[in-house]
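Remarks on the overall topology
Each chain, letter by letter, is given below.
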Amino acid sequence: MIKIENVSMKFNLGIEKEFSIKQAFVNFFSPKARKGKKKKEMFWALNDVSFNVKKGEVVGLIGSNGAGKSTLLKVVSGVMKPTKGNVEVHGVISPMIELGAGFDGNLTARENIYLNGAILGYSKKFLDDKFDEIVEFSELKDFLEVPVKNFSSGMVAKLAFSIATIVNPEILIVDEILSVGDIKFQEKSKNKMMELIKGGTTVLYVSHSLESIKELCTKVVWLEHGKIVDMGDTKKVCEKYYKHQMGE
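Everything in this summary refers to the structure shown in the same document. (Residues numbered from 1 in each chain as written. Predicted model: local features only at pLDDT ≥ 70, side-chain atom pairs only at ≥ 80, totals over all residues. Heavy atoms only, no water.)

Observations regarding the sheet that holds strand β3 (residues 58-62)
Across a sheet, strands are paired by hydrogen bonds formed along the backbone, either parallel or antiparallel in direction. Worth spelling out the cut-off: We treat two strands as partners when DSSP finds at least two bridges between them. The helix and strand labels rest on DSSP assignments: H or I over at least four residues marks a helix, E over at least two residues marks a strand, and numbering proceeds from the N terminus. Comment: axis = line fitted to C-alpha atoms, over the contacting stretch for helices; angle = value between 0 and 180 degrees taken between N-to-C directions.
Read from one edge to the other, the open sheet built from 6 strands follows the order β5-β6-β7-β3-β8-β9, with strand pairing classed as mixed. Of all strands in the sheet, those bounded by a partner on one side alone are β5 (93-96) and β9 (227-232). Within this sheet the neighbouring strands show an average axis-to-axis angle of 15°, counted without direction. Pairing geometry for β5 and strand β6 (residues 171-175), over 4 bridges, is parallel.

Printed below as a string of structure tokens:
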């Protein structure tokens, strides 16, 4: 379903300070500041990453903050184009990477259901048919006419998750979704994920919760500094990662 071959992703971290009026003023009176002007710095978020995800597999991505996990999800989802390498995806993807990214804060929850649904490729008729189901799952019936800008981050995540999972996608790309909302909604989210997995959905899943990874994933890929450290059996790789994090 997903074939990742020698994927590398480079970012420019350089900041040209002279474009700041304040910095220009400091530079004028401080020769040391002028000499300290930052040059362009290249950062490889991913470096020669390769692995395959078969149909029906649930593959977990683990690693420290900045390891490249979320970047890899964006590359697989087509949000980013890799600097090097190639990604092949066979199947329709439903990405849940930045929940609520397609929302307009000035629009109500009702309006954003149709806006976000359209962005995800759903027709108006489909959304009309599924509207009550989306609202019921989100637990936001009393807030449909409220602008989303007045929502808490948990409420936004609930609404976005409810829209994104209204269909059974062939491939689900998930970034820390099961930690959104309150405890009750987290349990609903996990149950929904389990339902999709049992239905044969292929999943690429990022989480810092090793318990969640162990419960859901059939295999694990461990990334650090953009490179694969280990991959394979979920329990074994998670144990190695845990010991590494604990300094053992």
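Examining the side chain of threonine 108
Quick reminder of the rule: Whether two residues touch is decided by their heavy atoms; if any such pair falls within 4.5 Å, the residues are in contact.
Within the secondary structure, threonine 108 is located in the loop between β5 and α4 (109-119). Those residues in contact with threonine 108 that lie beyond four places of it in its chain are Leu144, Glu145, Val146, Pro147 and Val148.

What to know about the packing of aromatic side chains
Rule in force here: In summary, the pairing rule links any two rings of Phe, Tyr or Trp, Trp by its six-membered ring, whose centres are within 6.5 Å, and it sorts them by plane angle into stacked for under 30 degrees, edge-to-face for over 60 and tilted for everything else. Burial classes follow relative accessibility: with a 1.4 Å probe on protein chains only, a residue under 20% of its type's maximum area counts as buried, one over 50% as exposed, and anything between as partly exposed. By definition here, charges over rings are those cases where NZ of Lys or CZ of Arg is within 6 Å of the ring centre and within 35 degrees of the ring normal.
Inspection of the entire model under this criterion finds 7 aromatic pairs. When the ring of phenylalanine 143 is compared with that of phenylalanine 151, the centres are 6.4 Å apart and the planes differ by 85°; the resulting orientation is edge-to-face. Residue phenylalanine 143 is classed as partly exposed on the basis of its relative accessible area, which comes to 35%. By relative accessible area, phenylalanine 151 is classed as buried at 10%. For the pair tryptophan 222 and tyrosine 241, a centre-to-centre distance of 5.4 Å together with 75° between the ring planes defines the contact as edge-to-face. Highlighted residues: tryptophan 222 in strand β8 (residues 219-224) and tyrosine 241 in helix α9 (residues 234-245), separated in sequence by 19 residues. Of the aromatic side chains, those joined through ring pairs into one cluster are Phe137, Phe161 and Phe185. Positioned above the aromatic ring of phenylalanine 137, the side-chain terminus of lysine 188 is 4.4 Å from the ring centre.

Some remarks on the pattern of salt bridges
As a reminder of what qualifies: A pair is scored as a salt bridge if a Lys or Arg side-chain nitrogen falls within 4 Å of a carboxyl oxygen belonging to Asp or Glu.
Within the structure shown, the criterion is met by 12 salt bridges. For aspartate 128, the salt bridge is made with lysine 124, and the minimal N-O distance between the two is 3.1 Å. Remark: lysine 124 and aspartate 128 occur in helix α5 (residues 124-138); sequence separation between them is 4 residues, near one turn of the helix. Taking the relative accessible area as the measure of exposure, aspartate 128 reaches 36% and is therefore partly exposed. Judged by relative accessible area, which is 56%, lysine 124 ranks as exposed. Across the pair lysine 158 and glutamate 139 runs a salt bridge, and its minimum N-O distance is 3.2 Å. Taken together, the residues lysine 158 in helix α6 (residues 153-164) and glutamate 139 in the loop between α5 and α6 connect sequence positions 19 residues apart.

Quick notes on helix α7 (residues 183-198)
To be explicit about the condition: Multiply 1.5 Å by the residue count of a helix minus one, and that product is the helix's expected span. In this context, the arc is that of the directions from the helix axis out to the C-beta atoms.
If you check α7, its first and last C-alpha atoms are 23 Å apart, about what 16 residues at 1.5 Å a residue would give, namely 22 Å. Listed as buried for α7 are Phe185, Ser189, Lys192, Met193, Leu196 and Ile197. Considered in projection along α7, the buried side chains sweep an arc of 140° and stay on one side of the axis. Residues of α7 that are exposed and angled more than 90 degrees away from the buried face: Ile183, Lys184 and Lys198. Here the buried face of α7 lies against β3, α5, α6, β6, β7 (202-206) and α8 (210-216). Once α7 finishes, glycine 200 follows within two positions and takes phi at roughly 100°, a positive value.

Let's talk about the pairing of β3
By the criterion of burial, β3 is predominantly enclosed, with 5 of the 5 residues buried. Neither face of β3 is open: one carries Val58, Gly60 and Ile62, the other Val59 and Leu61, and all of them are buried. Two strands pair when backbone bridges link them, and β3 and β7 are joined in this way by 4 bridges, in the parallel orientation. Each residue of the ladder has a partner; that of valine 59, found in β7, is leucine 204. Pairing of β3 with β8, which is carried by 4 bridges, proceeds in the parallel orientation. Within β8, the residue paired with glycine 60 across the bridge is valine 220.

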